[in-house]
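Notes for the structure review
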Amino acid sequence: MVELAQEHDDDWWEVEALYDLCFAPGREALSSYRLRDGVPPVPELSLVARDADGVLAGAIRFWPVLVGGRRALLLGPVAVHPTRQGEGLGGLLIRDSLERAQALGWDRVMLVGDAPYYARFGFVRLDGVEMPPPTNPDRVLGRALCDGAWKGVTGRVTRPT
Ligand SMILES: CC(C)(COP(=O)(O)OP(=O)(O)OC[C@H]1O[C@@H](n2cnc3c(N)ncnc32)[C@H](O)[C@@H]1OP(=O)(O)O)[C@@H](O)C(=O)NCCC(=O)NCCS
């Protein structure tokens, strides 16, 4: 059995090690990390999934960003330990955190990722939303957390001021 909990300071390096294991080397060179530099993640939405022995099975973090000056969430990184992949934990982390985001009053969420995976959670390509280069625009995806939340929201993605 796996339980989700809010990530705490003590979890930080264990989660970093999980991300290092799950992503290609140099992940921090990705343009999305420039939006995270010097900005703390959203604590209520950054979750760890631990099994009954307390072993870390997966984690998700979110950052606040601005899109053309409008508030949005940047989902990611999300990762599940290779020995636990395919059990639905990725889906659990994503669905649970998006429900929490909605309950906290966030309107919209975006990410840079594989459309074939994220489509199942309602993410679609965001036209006119410009991530720092280099980013493949086909990987810039978004989901509204309330009706019409992405309507007319375009422009550069920047760190919150
Ligand atoms: C992506 C990830 C978080 C999914 O976690 P998970 O717990 O294995 O996911 P789930 O069990 O909820 O879902 C598994 C399904 O997603 C599919 N899937 C996983 N990664 C995918 C991808 N990149 N593209 C398309 N489908 C993908 C699997 O094929 C499987 O499909 P099925 O339901 O038809 O069998 C996990 O594979 C992972 O940590 N990958 C490495 C890090 C990463 O790429 N993170 C995402 C950044 S964009």
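In short, a report on the structure. (Residues numbered from 1 in each chain as written. Predicted model: local features only at pLDDT ≥ 70, side-chain atom pairs only at ≥ 80, totals over all residues.)

**Describing unusual backbone geometry**
With an omega of 5 degrees, the peptide bond running from Gly76 to Pro77 counts as cis. Tracing the backbone shows Pro77 in strand 4 (residues 70–80). Along the chain, Pro133 connects to Pro134 via a cis peptide bond; the corresponding omega equals -5 degrees. Topologically, Pro134 is positioned in the loop between strand 7 (129–130) and strand 8 (140–144). (Helix = DSSP H or I, 4+ residues; strand = E, 2+ residues; numbered from the N terminus.)

**Side note on the nonpolar core**
By size, the foremost hydrophobic cluster in this structure holds 42 residues, and its most contacted members are Ala59, Leu73, Leu74, Val109, Met110 and Leu111. Elements represented by at least two residues in this core include exactly helix 1 (12–22), strand 2 (47–51), strand 3 (56–67), strand 4, helix 3 (89–103), strand 5 (108–112) and strand 8. Dropping the residues within four chain positions of it, Leu73 is found in contact with Val42, Phe62, Pro64, Ala101, Trp106 and Val109. (Core = buried A, V, L, I, M, F, W, Y, C linked by C-beta atoms within 7 Å. Buried ≥ 20, exposed ≤ 12 C-beta atoms within 10 Å, placed from the backbone. Contact = placed C-beta atoms within 7 Å.)

**Some thoughts on the site of the ligand**
In the vicinity of the ligand, 16 residues are found, and the nearest of them are Gln85, Gly90, Gly91, Gly113 and Tyr117. Counting only elements with at least two residues in the shell around the ligand, the list comes to strand 4, helix 3 and helix 4 (115–118). Of the residues assigned to the shell around the ligand, the class counts are eight nonpolar, six polar and two charged. (Near = placed C-beta within 6 Å. Nonpolar A, V, L, I, M, F, W, Y, C, P; charged D, E, K, R; others polar.)

**Quick look at the environment of Asp20**
Within the secondary structure, Asp20 sits in helix 1. With 59 residues separating them in the primary sequence, Asp20 and Ala79 have C-alpha atoms 9.7 Å apart.

**Structural notes on the environment of Pro40**
Looking at where Pro40 falls in the secondary structure, it is placed in the loop between helix 2 (31–34) and strand 2. Note on Pro40: 10 C-beta atoms within 10 Å, which makes it exposed.

**Examining the pairing of strand 8**
Across the five residues that make up strand 8, a large majority, four, are buried. As paired elements, strand 5 and strand 8 share five bridges and run antiparallel to each other. Its bridge partner being in strand 8, Arg108 is matched across the sheet by Ala144. Alignment of strand 6 (residues 124–125) against strand 8, held across two bridges, turns out to be antiparallel. (Pairing = 2+ DSSP bridges.)

**Comments concerning the pairing of strand 2**
Of the pairings in the sheet, the one linking strand 1 (residues 2–6) to strand 2 comprises five bridges and is antiparallel in character. Within strand 2, the residue paired with Glu3 across the bridge is Arg50. Pairing of strand 2 with strand 3 involves four bridges; the strand directions are antiparallel. The partner of Val48 across the bridge, within strand 3, is Ala59. Between strand 2 and strand 3, which follow one another and run antiparallel, lie four residues, and Gly54 among them has a positive phi close to 85 degrees.

**A word on the environment of Asp96**
In this fold, Asp96 is placed in helix 3. The class for Asp96 is partly exposed, based on 15 C-beta atoms found within 10 Å. C-alpha separation for the pair Asp96 and Thr83, spaced 13 residues apart in sequence, amounts to 21 Å. The residues touching Asp96, leaving out its near neighbours within four places in the chain, are Leu4 and Leu47.

**As for helix 3**
The first and last C-alpha atoms of helix 3 sit 21 Å apart over 15 residues, in line with the 21 Å expected at 1.5 Å per residue. Listed as buried for helix 3 are Leu89, Leu93, Ile94, Ser97, Leu98 and Ala101. One side of helix 3 carries all its buried residues, which in axial view fall inside an arc of 160 degrees. Away from its buried face, by an angle of more than 90 degrees, helix 3 presents the exposed residues Glu99 and Ala103. (Expected span 1.5 Å × (residues − 1). Arc of directions from axis to C-beta.)

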